[in-house]
Amino acid sequence: MKHLPKVLSALVFATFASSPTALMAQDTGWTWADAAELSFVWTAGNASTNTLGLKNTLSAEGGRSKLSLEIGGIRTQSTIETRIANGTTATFTVTETSESQVTAESYFAKGRYDIAISESAYWFAGSDWSRNTFSGIDNRLTFVSGLGRQWSDTDDFEFRTDIGGTYTVQDNVAVGPTDRFGGARFTYDLQKSVTDNSTFASKLVVDENLKNTDDIRGDWTNSLTVAMSSQLALKTSAQILFDNQPSFLDIPLLEGGVDLGNTVLSELEKIDSVFTVALVIVF
């Protein structure tokens, strides 16, 4: 998280620097909305774990402009208990030791600005940052700009698609130079009312590395939100992250069962999945 303040500053700057109209939006007036999501799981006793998930989405609309800022993360810590007995089978004492370690951790921040150029078409610019060391990514910062179309915009159904060019700066956990490359991004964003108090949402983001076309990534999230009141809702979501060329991690190399301090690079899995149940607070 040490890089987060600088990243957030870069996101805000990148979103607004190429969008002078956003800085004058007070002339048309803004309508602001904020939604915070909180999820927490805690177990204690023979096994101890705690998982904390946080996400906040700030959005605004003014005239032909839309602005959104998102920040969030998930962190899981597990405590491993080790028991050792000393003595004889008839008389012994048990010694317990515990060690806590982070077993899952990821963070992200996103910023985006949209402006309508016709009744259904729009231009957008933005940037996003992510950190997931367990997937081999220390820092990934992407800038994006492009065009999109709003295919439907009713109270019951919203659907839009957009395509844009990207520029990515990526630092991997394994030792290696910073990777910089241009790319292309396709996105679809769908929201559909299921009942009077529930909404289904689906979003797919596909990134293509034009420097290495085999390096294609996908982020597909589906969620169902059930409103309990005007300010509280329960949200269940499933996210699938795909990386056709996943990153590497340094792992210890044992020689004859002995650790001599040598390491080798091991490729990670192509697919990560995240399932969450969160309480949503709307402001």
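Residues numbered from 1 in each chain as written. Predicted model: local features only at pLDDT ≥ 70, side-chain atom pairs only at ≥ 80, totals over all residues. Heavy atoms only, no water.

Okay, the overall build of the chain next. When you go through the chain residue by residue, the secondary structure sums to two helices and 14 strands. The dimensions of the chain, computed from C-alpha atoms along their principal axes, are 80 × 50 × 30 Å. Expressed as a percentage of its 283 residues, the buried residues of the chain come to 30%. Contacts in the chain between residues far apart in sequence, at least 24 positions, make up 52% of those at least 6 positions apart. A total of about 16,800 Å² of accessible surface is found on the chain, and carbon and sulfur atoms cover 59% of it. Across the chain, the centroid of the 21 positively charged side chains sits 4 Å from that of the 34 negatively charged ones. (Helix = DSSP H or I, 4+ residues; strand = E, 2+ residues; numbered from the N terminus. Buried < 20%, exposed > 50% of the residue type's maximum accessible area, 1.4 Å probe, protein only. Contact = heavy atoms within 4.5 Å. Areas by Shrake-Rupley, 256 points an atom, 1.4 Å probe, with all protein chains shown as cover. Lys, Arg positive; Asp, Glu negative; His and termini not counted. Charge placed at Lys NZ, Arg CZ, Asp CG, Glu CD.)

Counted as a void, the second largest pocket has a volume near 330 Å³. Considering the residues around the second largest pocket, the lining is formed by 19 residues, among which Gln170, Asn172, Asp179, Pro246 and Ser247 are closest to the centre. Elements supplying a minimum of two residues to the lining of the second largest pocket: β7 (157-172) and β8 (179-195). Each residue belonging to the lining of the second largest pocket can be placed in one class, and the counts come to seven nonpolar, seven polar and five charged. (1 Å grid on protein atoms, 1.4 Å probe; cavity = no way out; pocket = protein on both sides within 12 Å on 5 of 7 lines; lining within 4 Å. Points joined across faces, edges and corners; volume = space filled by probe spheres on them. Nonpolar A, V, L, I, M, F, W, Y, C, P; charged D, E, K, R; others polar.)

Inspection of the entire model under this criterion finds 13 salt bridges. Between Asp162 and Arg112 there is a salt bridge, and its shortest N-O distance comes to 2.8 Å. Here Asp162 is found in strand β7, whereas its partner Arg112 is found in strand β4 (residues 92-116), with 50 residues between them in sequence. Look at Arg112 and you get buried, because its relative accessible area is 17%. The network of salt bridges with shared partners includes Arg112, Asp114, Arg160 and Asp162. (Salt bridge = Lys/Arg side-chain N within 4 Å of Asp/Glu carboxyl O.)

Read these as geometric descriptors, not functional statements.
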